[in-house]
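Letter by letter, the chains look like this.
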Amino acid sequence: MRQYAFCKINSLSDTIVVIFLIMMAMVQCQSANAIGLKIIRSYPNTMLSVAKAWSVATYGDRWTFFATQDGVIQYDGSAIDLFRLNNRYAARSVRMDEESYRLYVGGINEFGYFLPSSSESLKYVCLSDSVGNDRYIGNIWGIYPSKNEVYAQGDMNIIVYDQDKNQHYRIDCSFKLDCSNMIDDVLWLGSGDGLKFLMGRTVVDAPGADLLKGCRIRGILPYGKSMLIVTADRGVFRYDRNELTYLKVVSESAAAVGEIFSADIFGGTLALGSIGNGVVTVDMSTGSKSVYSESSGLPNNTVLSLGFDSSGNLWTGLDVGVAEIMLTTPVETFSNNNLPIGSGSAVAIHKGKMYLGTNRGLFYFDYTPGEDISGVTFRQIPGVTGQVWGLTEIDGDLFCCHDRGLFIVKDGLAKRIEGTNGTWDLKLLRGTHRRAYVGTYFGFQIIEKRGDTWILIGAIDGYKGSCYNFVQESPTKLWSYDGESGIYRLDIDTATMRVKDTYNYRATADGQSLTSDVSVSRIDNDIYFAAPSGIWRYDSKANSIVRDERLGLLIGSPKNVRRLKKRDGKLYALTDKEIICADPAGILGVRRLLLLGSDTRPIHDGDLFFPVSSDYLAYPTHTGFLFFDFSDPSADENHPDTVLPIAPLSRIGRVAVTAMKDSTIFRGNFISEKGTIVLRYSENSIKIEFGNPLESAQGVVYSCRLNHEKWSSPSSSNVKEYTNLKNGDFRFDIKAISPDGLESVDSIEFRVLPPWWRSGWAMSVYVILAIAMVYGCIMLERMRVHRKQQALIREKDAQLIRQQADFEWESKLKDHKIIELEKEKLDKELRHKAQEMANVMMSLSHKNETLQTVKRDLQNIQQMLPKSQGDARRAIQELQGKVTVDIKSDQVFNRVVEEFDLVHDDFIKKLRQRFLDLSNNEVLMCAYLKMNLSTKEIAPLLNISVRGVETMRYRIRKKFGLERDDSLTDFINKF
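Any chance you could explain the pattern of salt bridges here in plain terms?
Here the idea is simple: oppositely charged side chains can pair when their charged atoms come close. All told, the structure shown has 43 salt bridges when counted by the stated rule. If you follow the salt bridges from partner to partner, you end up with Asp193, Lys196, Asp205 and Lys213 in one network.

Mind showing me how you'd approach the pairing of strand β22 (residues 236-239) here?
Side-chain direction in a regular strand flips from residue to residue, so the side chains alternate between the two faces of the sheet. Here four bridges tie strand β21 (residues 226-231) to β22, and the two strands are oriented antiparallel to one another. From the neighbouring strand, Val230 faces β22, where its bridge partner is Val236. Where β21 folds back onto β22 in an antiparallel hairpin, the turn is made up of four residues, including Gly235, whose phi is positive at roughly 100 degrees. Inspection of the sheet shows β22 paired to strand β23 (residues 244-247) by four bridges, in the antiparallel sense.

I keep staring at the packing of aromatic side chains and nothing clicks. Help me out?
Per the counting criterion, the structure on display carries 50 aromatic pairs. Joined through ring pairs, the aromatic side chains of Phe334, Phe365, Tyr367, Phe378, Phe625 and Phe627 make up one cluster. Of note, Arg201 hangs over the ring of Tyr169, and the distance from its end group to the ring centre comes to 3.6 Å.

Please clarify how the confidence of the model for the protein should be interpreted in this entry.
Chain-level statistics for the protein give a pLDDT mean of 85 and a share of 88% at 70 or above. A low-confidence stretch, residues 1-32 (pLDDT under 50), is modelled with 69 contacts involving residues beyond four sequence positions or located in other chains. In the model, residues 635-645 has pLDDT below 50 throughout and makes 25 contacts with residues more than four positions away in sequence or in other chains.

Explain the sheet that holds strand β26 (residues 279-283) to me, please; I cannot follow it from the model alone.
Backbone hydrogen bonds hold the strands of a sheet together, and the pairing may be parallel or antiparallel. Ordered in space as β24-β25-β26-β27, the four strands form an open sheet in which the pairing is antiparallel. Of all strands in the sheet, those with a lone pairing partner are β24 (260-266) and β27 (289-292), marking the two edges. Put simply, the sheet's adjacent strands are angled 15 degrees from each other on average, direction ignored.

Even after reading the chapter, I still don't get helix α8 (residues 907-914), so can you show me in this structure?
Among the residues of α8, those classed as buried are Phe907, Ile908 and Leu911. Down the axis of α8, the buried side of the element spans an arc of 90 degrees, and every buried residue falls inside it.

Cut-offs and rules
- Residues numbered from 1 in each chain as written.
- Predicted model: local features only at pLDDT ≥ 70, side-chain atom pairs only at ≥ 80, totals over all residues.
- Heavy atoms only, no water.
- Salt bridge = Lys/Arg side-chain N within 4 Å of Asp/Glu carboxyl O.
- Pairing = 2+ DSSP bridges.
- Helix = DSSP H or I, 4+ residues; strand = E, 2+ residues; numbered from the N terminus.
- Phe/Tyr/Trp six-rings, centres within 6.5 Å; stacked < 30°, edge-to-face > 60°.
- Lys NZ or Arg CZ within 6 Å of the ring centre and 35° of its normal.
- pLDDT = per-residue confidence, 0-100.
- Contact = heavy atoms within 4.5 Å.
- Axes fitted to C-alpha atoms, helices over the stretch in contact; angles between N-to-C directions.
- Buried < 20%, exposed > 50% of the residue type's maximum accessible area, 1.4 Å probe, protein only.
- Arc of directions from axis to C-beta.

This is the structure in structure tokens:
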């Protein structure tokens, strides 16, 4: 009984070991089992598509490195990166040293190595600096580490670099070196002068290899205890260090591609790259070959370098571009290019021939199960051009379901059955061997074999749906899917050729739609339905369609199931990503093969599974046909019935900061070395990329978590973003889960620094500030107490001052009262004086008026006296003179001045001091104006007329310098 061993792999190294062991077994048997060409994968619109790859190196089955015209290109199964040498010239050679984890590289006038870094993917170290001033060392076509030395092969020299002493020595050759290789710590050299090897510091001839002199040696490869010597055009030799043996069978296979330029070997498979005819892979035990060229999908026919990865897939470095020949992938094809016969639709093996139905007609070629079909010549069946939908064999006859009807194919010819048009499929009516249902564009027909001839019995009435997908539940019950109309169950009366009952199912029992992308199949005695929502089964007791858990679990509960068929005792399922092969009994394991190609959608809605041998399944595609090998890849004589599923790799490939812009801060390397990533607080939003597109296409899902929290729900997304992370230490874990349930885990740690205001130096500043604040508070408190004390002192002083001020105020108040009393007394005196002066003035005025009257009277009397009375006249005249003198007496003036200055603060005195030219009358005039006397009142006091007063006022204004608009009275009052 076949058994299956499952394991859980949690480390990259464990996974690589498992992959290596399994793929080694696959490579050892792939040449014997292959019936066609392996799939070629190229990389359009990338750096790899234009690279001129002189050398290839691999690490495991996921990391590949190419020496190109731009530098070293690294491909990790997902991302492509370019690394340049210091002088930025082309790289000529690369070699991986798995012991030191160094990728050695040779360029032009430079060589060194790349080393994985915990932060960068690769970090370059230049070794050729030790050469000194003599930097012209030419092209380095081969570079080999050995113990503590590095050997660099140039065009006509060898440079040996001592890594301990950081010194080098140079060995010059008199011949051109075409190739080299380090085997068992011996440097072997191929040249036009034959096979050589380095002994100490001397290049010597290889013993027993004289036959190679004059040959262009293209490859020196380890082969067991011997070596393989590959020449450009003289074939392949085995060399056991003493004897050279020509390998005739292998050499004849190598001749298929002409002149050889590159070579590599893996297990028992030798790969040879040619100058202009592509690649040939040769089975060393049988000599069988497969040729890959531009006509079969290789981007370029000039193969500069070759390299196998650890799984046995072949990487080709071309003159333009890079391609991977997937030798270990159990999927093959006629050609990786579009077939000239068109897009595939159906396959049948009939009487030693393989028939291929396409959109261009029906083709065939001679076929023996298991033989190589990559170089076959297709022959077309005449009369059957156009779309072929199906091929079915019944009772020894091959039927071709065609757009124009149903044809019987025999002896390279096709004959249409009269009355048939537009047929999809054909199925033998159960319980008979000479009747069949024909599914057509417009319902069902029945054909019958009478004698050796098939004829149309007629069409079944009652159903006109398109019958491209139908099965038989019994001889009289058919199930047919008709697109948007859903699924029909038809009960047919074959005697009357009519549909007795029709049942239409547009949804499952729990409401899932059955009107889009549904396939009907019969497995054992049950009717099954493959749909995007899963696998369903008809429950006859409930007369409904229910979910089927058994088959779903058997094939791993996939989503988007497109087809479900049982063929030759095996259960096949088609999803949008893969084809699954399982044991219907559930005893054997499950194999999943990825649908390769850019367009994996089913080519049509009918049958897509066509067995062509015991292990091979043909699958039609838009470009032709694929052949899936479901044989056990790890079967060997010790464990013939064991399959070990491989866990997916959950490798973290890239970490980028997204806070400001998408900038890479970590790139995965081939040994998965990681350090703790330190992020500034401003970089606390990151994006983590993991997995690879190939695994995602195979149905691998990913679950992640942060800091050992709960795992997230599995998803096909291979990117996780975190934003606004707090400061602290974080651990990110990613878990890859394969459709078989196997898991692998990878993790990375990173630290988010606190913001600057929470950093160590900021905390120190905060402590200093806190101390300063405490000190400041103490000082402020002291100052406050001091100010309070000073305030108390000032308050006491102020109180004393207030008391003193109150005392002084009281004293001043008393003095003021005294002064007021004195002033009041003085005012009374002044008022008295003013009254006295007024009285004097009035008396003087009255006196003067009286004297003026007397003077006028005397003048009148004098005029009345005759002139004869002279004495009387003289007496009167003398009396007038006395009156006049009395009126103008200075005593009166002085008294007036004295009294006026006493009352008006020396007004007249100050007036005379400022205006010296004032007469006595003018002074008196000013005094009278100061007393607010009117012109009429002033005139008699001055003994002048009113007009005289006005005239005097005018003279005074002039002496005071007053303008016309200035008031004399205001000036005197303000003086």
